Amino acid sequence: MKNQADFGNVYLFVENVAFCFDLYLTREILADTKNFGVTQNFLAESVSDPGEEWFAMRRNLHRPLSPSSSDAQITRVSDYVKLGLDSLARPGGSCTCDISGQAFVAGVAMRSASELLFGQAQPRLELACHKLLSILGRVTGNALALPSVVPTPARLTIGYRHKAALSEVRRVMDKGEYAPGSACDALVKNLPEDSKGRSSEMLIGAMLAAYRVSAAAMSWCIFYLLQNVEWLAKSYREAEAVGDNEVSLDDIPSIHAVVMESLRLRPPTWLLDRVALRDVVVCNRFSVPRGGTVTMSPFLVQRGTVNFVRPHEFVPERWISKFPGDNNQAFLAFGAGKRTCPGRNATVRVIAGFLLGILQWSSNISARVDLQSVRVLTQNAQTPEGLSYRVVKR
Ligand code: HEM
C-alpha cells in the first residue's frame, strides 16, 4: 500500500495494514462493497464477501426500522425509562435515583432492541444476548486474542452461548412470538425456509449491535448534558412542553440535537475495518493488496477541522441551524454506503426517548463523580467508564 501525497491522512503500518482518516477515501472504501468486505462478524470470525444474500436479508430491516415506523419508539422508550426509574428510586425520602455504570442504560438499550426487531420485549433472548456479549468482549477488539479457530476457554464459552441465543431466536420465530410488521416478521415472510439460520444470525447480530452501542450513546448524551447547563435547561423545557403527547423528533429539536452532537463527538463505533477482497486501487491512487486491511475512524473524521467548525466542542446548535463550515457527509457514526447501520434512524429515536424519559421524570440531574475522572473505554464501543449520576424525582 502506498501513502500517496494526495491522501495525507493515511498511515501505513506494515505492507498490508493501513489506518485512514481521510473523509474522501473513507467514503470511497465504505461505498465499495464489491472490492472490500468487513473483516469480522460479531463472533470475531474472519469473513469475506457477504454476497447478495446478506443485502437481501438486510432489506427486510429497512421498513421496520424506518423513521416513520420507529417514531413511536420515542414515547414508548420514555415510558419504560420512567417506570425503570420509579423502580430504582428510593421509596419516600428525597426519591432520588443513582445511576452508576452501564447497567441501567444497558437494560433500556436491550429492551428497545427487542422492540425494534421483534415488536415486543424478549426477556429470554435479551438475557441470552447479554450473556453472549459479556464474553465476546474478551476477544472482540482484543488484539492479543488468538484467532477464532483456536478453542480457548473463552471461545468455547462464546460457542456455547451463541448456540443458546440462536436457539432462542429460532424458538421466537417458530412460535410466532413477534409482532406483525416487525423486522423478524419481514424476515420470516420474505425469505425462503432454508435461510432461517442466517436470518437468526442477523437478528442476533442486530441485537448485539443495537445493545452495546446504543447504551454507550445514551451515557455520552448524559455526560455532555451534565457539563452543558444551557442545553440541559433547554432539554428540560422541551421535555416539559411535550408532556404526555405522542412525540416525533420534530417536536424535540434540542434533544435531537444533543443526541446528534454526542454521536459526533463520541461515536460509539469509533473504528471501522475493511479487508480488500482483491487487489484494489482506490480513487486511482491508493492501492491495497488482496487481504490488506484498512482501518477507518469515524471518531477522527468527525473531529477533523476540515469537516466541522469547532470540532472538539459540544455545539448542538449545528444540528438546528446548519453551520456553513460543517460537512454533514463527514458524520460517520453510523458508517456509510451499502453497509451503513440499518438501525440509524430508529436508534436516534430510542436515545431521544431515553433522554425524554429521564428529563420528564426528574427535576434535576447531577454528576456523582468528577466528570474529568470519567475514562473513555475503547475496547469495543467507545464508552464513558465510571460515569455516575443522580436524578431527583419531580
Ligand atoms: C447508537 C447506536 C448505533 C450506532 C452508533 C451504530 C453504528 C453502526 C455502524 C457504524 C455500523 C457499520 C459497521 C461497518 O460499516 O462495518 C453498523 C452496522 C449495523 N448496525 Fe448499527 N449502530 C447503532 C444502533 C443499531 C441498532 C439500534 C440496530 C438494530 C436495531 C443496529 C443494527 C446494525 C446492523 C444489523 C449492522 C450491520 C449492517 C451490515 O453489516 O450490513 N445498529 N452500526
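Above this note sits the structure.
Since the structure is predicted, the reported quantities are computational estimates derived from the model, not experimental observations.

Peer 1: Just checking my understanding: could you explain the pattern of salt bridges for this structure?
Peer 2: Here the idea is simple: oppositely charged side chains can pair when their charged atoms come close. According to the stated counting rule, one finds 23 salt bridges in the structure shown. As a salt-bridge pair, Asp79 and Lys82 come within 3.9 Å of each other at their nearest N and O atoms. Within this pair, Asp79 and its partner Lys82 are both found in helix H4 (residues 72-88), separated by three residues, close to a single helical turn. Residue Lys82 is classed as buried on the basis of its relative accessible area, which comes to 17%. Connected through salt bridges with shared partners, the residues Arg124, Glu168, Arg171 and Glu177 form a single ionic network.

Peer 1: Quick question: what am I supposed to make of the side chain of Asn35 here?
Peer 2: Structurally, Asn35 is set in the loop between helix H1 (23-31) and strand E3 (36-37). Overall, Asn35 belongs to the buried group, its relative accessible area being 14%. Within the local environment of Asn35, its side chain forms a polar contact with the side chain of Arg278, the two groups lying 3.1 Å apart. Residue contacts for Asn35: discarding those within four places in its chain leaves Val275, Ala276, Leu277, Arg278 and Val280.

Peer 1: So what exactly am I meant to see when it comes to the sheet that holds strand E4 (residues 96-100) here?
Peer 2: Within a sheet, each strand pairs with its neighbour through backbone hydrogen bonds, oriented either parallel or antiparallel. With respect to topology, three strands assemble into an open sheet ordered E4-E12-E9, the strand pairing being antiparallel. Across the chains shown, the open sheet's two edge strands, defined by having one partner strand only, are E4 and strand E9 (362-367). The mean angle between the axes of side-by-side strands here comes to 20°, regardless of whether they run parallel or antiparallel. Two strands pair when backbone bridges link them, and E4 and strand E12 (residues 388-393) are joined in this way by five bridges, in the antiparallel orientation.

Peer 1: How should I be thinking about the site of the ligand in this particular structure?
Peer 2: Close contacts around the ligand come from 23 residues, with Trp54, Arg58, Arg274, Arg339 and Cys341 the closest. Interatomic distance of 2.7 Å between a side-chain N/O atom of Arg274 and an oxygen atom of the ligand. A distance of 2.9 Å separates an oxygen atom of the ligand from a polar side-chain atom of Arg339. Counting only elements with at least two residues in the shell around the ligand, the list comes to helix H2 (51-62), helix H5 (103-118), helix H9 (196-227), strand E5 (272-276) and helix H13 (344-361). Classifying every residue of the shell around the ligand gives 15 nonpolar, five polar and three charged.

Peer 1: Honestly, the nonpolar core in this entry has me stumped. Any pointers?
Peer 2: Grouped burial of nonpolar side chains is what soluble globular proteins tend to show. Counting 115 residues, the largest nonpolar core has Phe354, Leu355, Ile358 and Tyr389 as the members making the most contacts within it. If one sorts the elements of this core by residue count, H9 sits on top with 17 residues. Leaving out residues up to four positions away in the same chain, Leu355 has contacts with Cys221, Ile222, Leu225, Ile255, Val258 and Val259.

Peer 1: Hey, could you run me through H13 in this one?
Peer 2: Each α-helix winds once per 3.6 residues, and so residues spaced three or four apart point in a common direction. Along its 18 residues, H13 runs 26 Å from first to last C-alpha, staying within 8% of the 26 Å computed at 1.5 Å per residue. Of all 18 residues in H13, 16 are buried, a share of seventy percent or more.

Peer 1: Please clarify how the pairing of E12 should be interpreted in this entry.
Peer 2: Each regular strand carries side chains that alternate between the two faces of the sheet. With five bridges connecting them, E9 and E12 associate as antiparallel partners. Residue Ser366 lies in a different strand from E12, and its bridge partner there is Arg390.

Peer 1: Looking at this model, I keep getting lost on the coordination of the iron atom of the ligand. Mind explaining?
Peer 2: For a metal bound by four donors in tetrahedral geometry, the ideal donor-metal-donor angle is 109.5 degrees, whereas six donors in octahedral geometry ideally sit at 90 or 180 degrees. A lone protein donor contacts the iron atom of the ligand, and this donor is Cys341 (SG), found at 2.3 Å. Looking at the secondary structure, you find Cys341 in the loop between helix H12 (298-302) and H13.

Peer 1: Hey, could you run me through the environment of Ile222 in this one?
Peer 2: With respect to the element layout, Ile222 can be found in helix H9. The class of Ile222 is buried, set by a relative accessible area of 2%. Taking the C-alpha atoms as reference points, Ile222 and Ser94, 128 residues apart in sequence, are found 21 Å from one another. Apart from the residues within four sequence positions on either side, Ile222 is in contact with Phe354, Leu355, Ile358, Ile365 and Tyr389.

Calculation criteria
- Residues numbered from 1 in each chain as written.
- Predicted model: local features only at pLDDT ≥ 70, side-chain atom pairs only at ≥ 80, totals over all residues.
- Heavy atoms only, no water.
- Salt bridge = Lys/Arg side-chain N within 4 Å of Asp/Glu carboxyl O.
- Helix = DSSP H or I, 4+ residues; strand = E, 2+ residues; numbered from the N terminus.
- Buried < 20%, exposed > 50% of the residue type's maximum accessible area, 1.4 Å probe, protein only.
- Polar contact = N/O pair within 3.5 Å; in protein donor to acceptor, adjacent residues only side chain to side chain.
- Contact = heavy atoms within 4.5 Å.
- Pairing = 2+ DSSP bridges.
- Axes fitted to C-alpha atoms, helices over the stretch in contact; angles between N-to-C directions.
- Near = heavy atom within 4 Å.
- Nonpolar A, V, L, I, M, F, W, Y, C, P; charged D, E, K, R; others polar.
- Core = buried A, V, L, I, M, F, W, Y, C linked by side-chain atoms within 4.5 Å.
- Expected span 1.5 Å × (residues − 1).
- Donors = N, O, S within 2.8 Å, 3.2 Å for Na, K, Ca; no water.

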